[in-house]
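Fold and contact review
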Amino acid sequence: MTHRPLSWEDVARTHGRKIYNFAYRLCGDPHDAADLVQEVLLRVRRGLEDFQPGSFEGWLWRITHNAFIDEMRRRQRRPTAPLPEVVDRWDAQSSPGADEQLAAMRLGDDIQAALLELPYEFREAVVMCDVIGLSYEEIAAAVAVPVGTVRSRIHRGRRLLRAALSQEAAG
């Protein structure tokens, strides 16, 4: 049985929301998250022709991870001033379903703020595992670290997150 190769449109339709959710949880800004999604989808479009059958999810999350790291490095080299408000085409083209909106709302502002306080490596691992639902093996492939490192980052990230949230609740 021959499988039809994935088209770029299939990838955007099937994975765009997940990529956005991941990006938003990492950076905390809807506009930056939409920009990251566009960058990831551009990289997917360029690389899709050369993709070798295997772990598509791993390949996609590796692209997403690299795009986010590249953007962080770019921002450290040159700070940017905000541009005037522009209509975000990503939101206009793909409005989420009710179940996606509900899932996005479940992560409250307090949790999002606590996530943004975590060191990047822990935040990324926790978001990939607990928000996106990737396995430890998929996370390890995406960020190019051993599975044991992923386990450690998730454990430490969750511990820091719990401490931050319990401190906030007590304060």
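You'll find the structure just up there.
We now turn to the structure provided with this report. (Residues numbered from 1 in each chain as written. Predicted model: local features only at pLDDT ≥ 70, side-chain atom pairs only at ≥ 80, totals over all residues. Heavy atoms only, no water.)

**Overview of helix H3 (residues 56-77)**
Basically, it comes down to this: Put simply, DSSP H or I for four residues or longer makes a helix, DSSP E for two residues or longer makes a strand, and each gets a number counted from the N terminus. Multiplying one less than the number of residues by 1.5 Å gives the expected span of a helix. We call a residue buried when its accessible area falls under 20% of the maximum for its residue type, exposed when it is over 50%, and partly exposed in between, using a 1.4 Å probe and counting protein chains only. Two residues qualify as a contact provided that any one of their heavy atoms is within 4.5 Å of a heavy atom in the partner residue.
For H3, spanning 22 residues, the distance from its first C-alpha to its last is 32 Å, which sits close to the expected 32 Å at 1.5 Å a residue. Buried within H3 are the following residues: Phe-56, Gly-58, Leu-60, Trp-61, Ile-63, Thr-64, His-65, Ala-67, Phe-68 and Ile-69. Those residues of H3 that are buried are in contact with helix H1 (8-27), helix H2 (30-47), helix H7 (120-132) and helix H8 (136-143).

**Some remarks on the packing of H3 against H8**
Condition: Each axis is a line fitted through C-alpha atoms, taken for helices only over the stretch in contact, and angles between the N-to-C directions span 0 to 180 degrees. Note on angle classes: values under 35 degrees are labelled roughly parallel, values over 145 roughly antiparallel, values of 65 to 115 roughly perpendicular, and the remainder oblique. In a left-handed crossing the near helix is turned counterclockwise from the far helix by less than a right angle, and in a right-handed crossing that turn is clockwise. We call Asp, Glu, Lys and Arg charged. Ala, Val, Leu, Ile, Met, Phe, Trp, Tyr, Cys and Pro are nonpolar, and the rest, Gly among them, are polar.
Where H3 meets H8, the axes come as close as 7 Å, and the angle between the chain directions of the two elements is 50 degrees. The angle between H3 and H8 falls in the class oblique. Here the hand of the crossing between H3 and H8 comes out right-handed. Contact residues: H3 offers Glu-57, Gly-58, Trp-61, Arg-62 and His-65, while H8 offers Glu-138, Ala-141, Ala-142 and Val-143. A breakdown of the residues in the contact of H3 with H8 according to their chemical character gives four nonpolar, two polar and three charged.

**So, the nonpolar core**
What counts is decided by this rule: What is meant by a nonpolar core is a set of buried Ala, Val, Leu, Ile, Met, Phe, Trp, Tyr and Cys residues, joined one to another through side-chain atoms within 4.5 Å.
If you look at the biggest cluster of nonpolar residues, it comprises 41 residues, and the most contacted ones within it are Val-40, Trp-61, Met-128 and Ile-139. Elements that contribute at least two residues to this core include exactly H1, H2, H3, helix H6 (109-117), H7, H8 and helix H9 (147-170). In this structure Val-40 touches Ile-19, Leu-60, Ile-63, Thr-64 and Ala-67, once residues within four positions along its chain are discounted.

**What about the packing of aromatic side chains?**
Any pair of aromatic rings gets described here by the distance separating the centres and the angle formed by the planes. Put simply, the test is: Here is the rule: rings of Phe, Tyr and Trp (six-membered ring for Trp) pair when centre to centre is within 6.5 Å. Planes less than 30 degrees apart are stacked, more than 60 are edge-to-face, and the remainder are tilted.
Inspection of the entire model under this criterion finds four aromatic pairs. A centroid spacing of 5.4 Å and a plane angle of 75 degrees characterise the contact between Phe-22 and Trp-61, whose relative ring orientation is edge-to-face. Note that Phe-22 is positioned in helix H1 and Trp-61 in helix H3, a separation of 39 residues in sequence. For the residue pair Phe-22 and Trp-61, the accessibility class agrees, reading buried in each case. Plain terms: the ring middles of Phe-68 and Tyr-120 are 5.2 Å apart, the flat faces sit at 15 degrees to each other, and that makes the pair stacked. Of this pair, Phe-68 sits in helix H3 while Tyr-120 sits in helix H7, and the two are 52 residues apart along the sequence. Per residue, the accessibility class of Phe-68 equals that of Tyr-120, and both read buried.

Distances and angles like these do not, on their own, reveal function.
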